[in-house]
Amino acid sequence: MTVTTARPVVDLPEPLLRIGGRARAASDGRTFESHDPATGDHVASVAFATAADVDDAVRAARAQVDGGAWSRVPGAERGRLLLAVADLIDRECERLAALEAVEMGKLYRDSVTGDIPCAAAVFRHFAGWADKIAGTAAIVSDVGPQRRFGYTLRQPLGVVAAITPWNNPLLIAAWKVAPALAAGNTVVIKPAEDASLSTLLLADLVAEAGIPPGVVNVVTGIGDVTGAALAQHPGVDKVTFTGSPRVGATISALAGSTYRKIVLELGGKAPQLIFDDADLDAAMPWIAMGSFYHQGQVCAAGTRVLVHESVADRVVDGLAAAARASVIGDPFDERSTMGTIVNERQLARITGYIDAGVAEGADLVVGGHRVDAPGCYVEPTVFRGHNRLTIAQEEIFGPVATVIPFRTTEEAVALANDTRYGLNAMVYSENISRVQTVVEQLRVGTVWVNGWGVPDPALPWGGRGGSGVGRELGRSGLEGETEEKTVHIGYAGVAAADGAVL
Ligand code: NAD
């Protein structure tokens, strides 16, 4: 455990709503409090948007699409503006990283090298799409008397409501804002109450880039008031939500009767399948990172470590060594390799799951406790156990890995699929035939082979089952920001000299 004595002064954006290009307080003046999980210090009193404020934000966004200025901005110009946002994110990289460290305890260094440049990359990727959004064309088969050909138009949806979690606030905001804007939509975004500030700064950068007022609006607030008002607002054409399955189900119900598009990016309980032919020396750092990175507060975390029985001891030892080598400490301290848990409530949830693991008879190999120091710190924890344990079935969202042995490839796949979730999986093997066979059978949205990392903006991201509905990123994510309109064109044909219709 390291402790820093000097913390940097973080330059906060105004903790106000961003509606129609104005920074303003909530209509009833209420705020909610943001605290630093490393020190308990008060960070900011943030505007708590009412339903009326949400309504204002949706109207501001609507005014830009229904014949408004944004609807007339050509794709190439939208692309140029998104590139400008990306450059401004790069310019403000350290400030954005500091905001995320001070609000939710992510390692400053990891944000500077990871989340923030990745968010800029998302804007650059979708900038390139903005003038290349096209439908398809088809010669329609001759049925009936009329000749026809057909094509599709891909048109903006209108107003996109985005609701985001605290664990990667800027990056997930970028996943939602960049493709929406590339396609010509406007956005009202509600960041998580534990980490609103980087999204507010993003809105300021969007304005500085020259994107018209009202195209991106931010309504900060508590989920079941501000978020619920946004999710059920009748002026919204799409709701894109990233967060817990519990709230995802609520959002679905709130938005359901309004027949709008919904994307739900929910939780995960990813398996890491480690076969006896894996290159363990190369794989072990990835397996440990998949278990402990960002204190396990990652939807894609691979906390079910399924291992061939012949290499189980090596993997347990490797994970335990990685856990023991962790330096848990202040997110701003260069020496720290693990920062804080987001808040006391989440920390209590994690230790509750650890207690459940012990109570259900799992073998605690290392860790298992809250760190005995001020701040929301917990030890990286490794259990040996089986797949029916509560710790192997429920998303903990903390650095708690359960190693589960298997004997055959079939058993490994069955264990991997024995979950209500279906976000992602990792496969470690040097045998390409085995890899491909296993990849085909996994019920997940994404598979990483011999590694683990951040979703790439060029490829779709999303889950199955309890991990959600729909895709973000990639071409399919972009197309999900459009309405596809089919056009049939009838034509009479041209009369030839002999009177036949050609
Ligand atoms: P959460 O569901 O508690 O909150 C997410 C957002 O929903 C927040 O902005 C919150 O204010 C809002 N919200 C809460 N109640 C609401 C309501 N009744 N109506 C509308 N909005 C409401 O999730 P969290 O704790 O912020 O994030 C952790 C969860 O997010 C984990 O389950 C994690 O797996 C998931 N997650 C998924 C992905 C992915 O890409 N699939 C990425 C990151 C996080």
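Residues numbered from 1 in each chain as written. Predicted model: local features only at pLDDT ≥ 70, side-chain atom pairs only at ≥ 80, totals over all residues. Heavy atoms only, no water.

J.: What is the right way to look at the side chain of Asp36 in this model?
T.: Position of Asp36 among the secondary structure elements: in the loop between strand S3 (31–35) and strand S4 (42–47). According to the relative accessible area criterion, Asp36 is buried, its value standing at 4%. Side-chain polar atoms of Asp36 contact the side chain of Arg7, separated by 2.5 Å. What Asp36 contacts, discounting residues up to four positions off in sequence, is Arg7, Asp41, Val43 and Val102. (Helix = DSSP H or I, 4+ residues; strand = E, 2+ residues; numbered from the N terminus. Buried < 20%, exposed > 50% of the residue type's maximum accessible area, 1.4 Å probe, protein only. Polar contact = N/O pair within 3.5 Å; in protein donor to acceptor, adjacent residues only side chain to side chain. Contact = heavy atoms within 4.5 Å.)

J.: Just checking my understanding: could you explain the packing of aromatic side chains for this structure?
T.: The description of an aromatic ring pair rests on the distance of the ring centres and on the angle between the ring planes. According to the stated counting rule, one finds 8 aromatic pairs in the structure shown. Relative to Trp452, the ring of Tyr293 has its centre 6.0 Å away and its plane inclined at 70°; by these criteria the two rings are edge-to-face. One end of the pair, Tyr293, is in the loop between helix H9 (280–292) and strand S13 (304–308); the other, Trp452, is in the loop between strand S18 (446–449) and strand S19 (468–469), and 159 residues separate them in sequence. Tyr293 gets classed as partly exposed once you look at its relative accessible area, which sits at 25%. Three or more aromatic residues joined by ring pairs form one cluster here, namely Trp175, Trp448 and Trp461. (Phe/Tyr/Trp six-rings, centres within 6.5 Å; stacked < 30°, edge-to-face > 60°.)

J.: How should the pairing of S13 be read in this particular structure?
T.: Every other side chain in a regular strand lies on the same face of the sheet, so the side chains alternate between the two faces. When you tally the buried positions in S13, you get 5 out of 5 residues, the bulk of the element. Pairing of strand S12 (residues 271–274) with S13 involves 4 bridges; the strand directions are parallel. Looking at the pairing, Gln272 lines up with Val305 of S13. Traced from S12 through H9 to S13, the parallel crossover comes out right-handed. Pairing geometry for S13 and strand S16 (residues 400–406), over 5 bridges, is parallel. When the bridges of S16 are listed, Val307 appears paired with Pro405. (Pairing = 2+ DSSP bridges. Right-handed = clockwise from strand over helix to strand, strands pointing away.)

J.: How should the sheet that holds strand S20 (residues 482–491) be read in this particular structure?
T.: Pairing between the strands of a sheet is mediated by backbone hydrogen bonds and can be parallel or antiparallel. One open sheet holds the 3 strands; their spatial order is S5-S6-S20, and the pairing between them is antiparallel. The sheet is open, and its two borders are formed by strand S5 (137–139) and S20, each paired with just one other strand. Pairs of neighbouring strands in the sheet enclose a mean axial angle of 15°, with direction left out of account. Pairing of strand S6 (residues 147–156) with S20, which is carried by 10 bridges, proceeds in the antiparallel orientation. By the bridge assignment, Leu153 is partnered in S20 with Lys485. (Axes fitted to C-alpha atoms, helices over the stretch in contact; angles between N-to-C directions.)

J.: Even after reading the chapter, I still don't get the layout of surface pockets, so can you show me in this structure?
T.: Leftover empty space is mapped by rolling, across the atoms, a probe with the size of a water molecule. Considering only enclosed or pocket space, the largest pocket measures out at about 1100 Å³ in volume. In terms of lining, the largest pocket is formed by 41 residues, of which the most central are Trp166, Gly243, Ser244, Arg246 and Val247. Contributing elements (two or more residues each) for the lining of the largest pocket: helix H7 (223–231), strand S10 (238–242), helix H8 (245–256) and helix H11 (344–359). Classifying every residue of the lining of the largest pocket by side-chain character gives 19 nonpolar, 11 polar and 11 charged. (1 Å grid on protein atoms, 1.4 Å probe; cavity = no way out; pocket = protein on both sides within 12 Å on 5 of 7 lines; lining within 4 Å. Points joined across faces, edges and corners; volume = space filled by probe spheres on them. Nonpolar A, V, L, I, M, F, W, Y, C, P; charged D, E, K, R; others polar.)

J.: Is there a simple way to explain the pairing of S3 in this structure?
T.: Side chains Phe32 and Ser34 of S3 all project onto a buried face; the interleaved residues Thr31, Glu33 and His35 project onto a face where none is buried. Of the strand pairs in this sheet, S3 and S4 are connected by 5 bridges, and their pairing is antiparallel. Each bridged residue has a counterpart across the sheet, and for Glu33 the counterpart in S4 is Ser45. The antiparallel hairpin formed by S3 and S4 contains 6 residues in its connecting segment, where Gly40 sits at a positive phi of about 80°.

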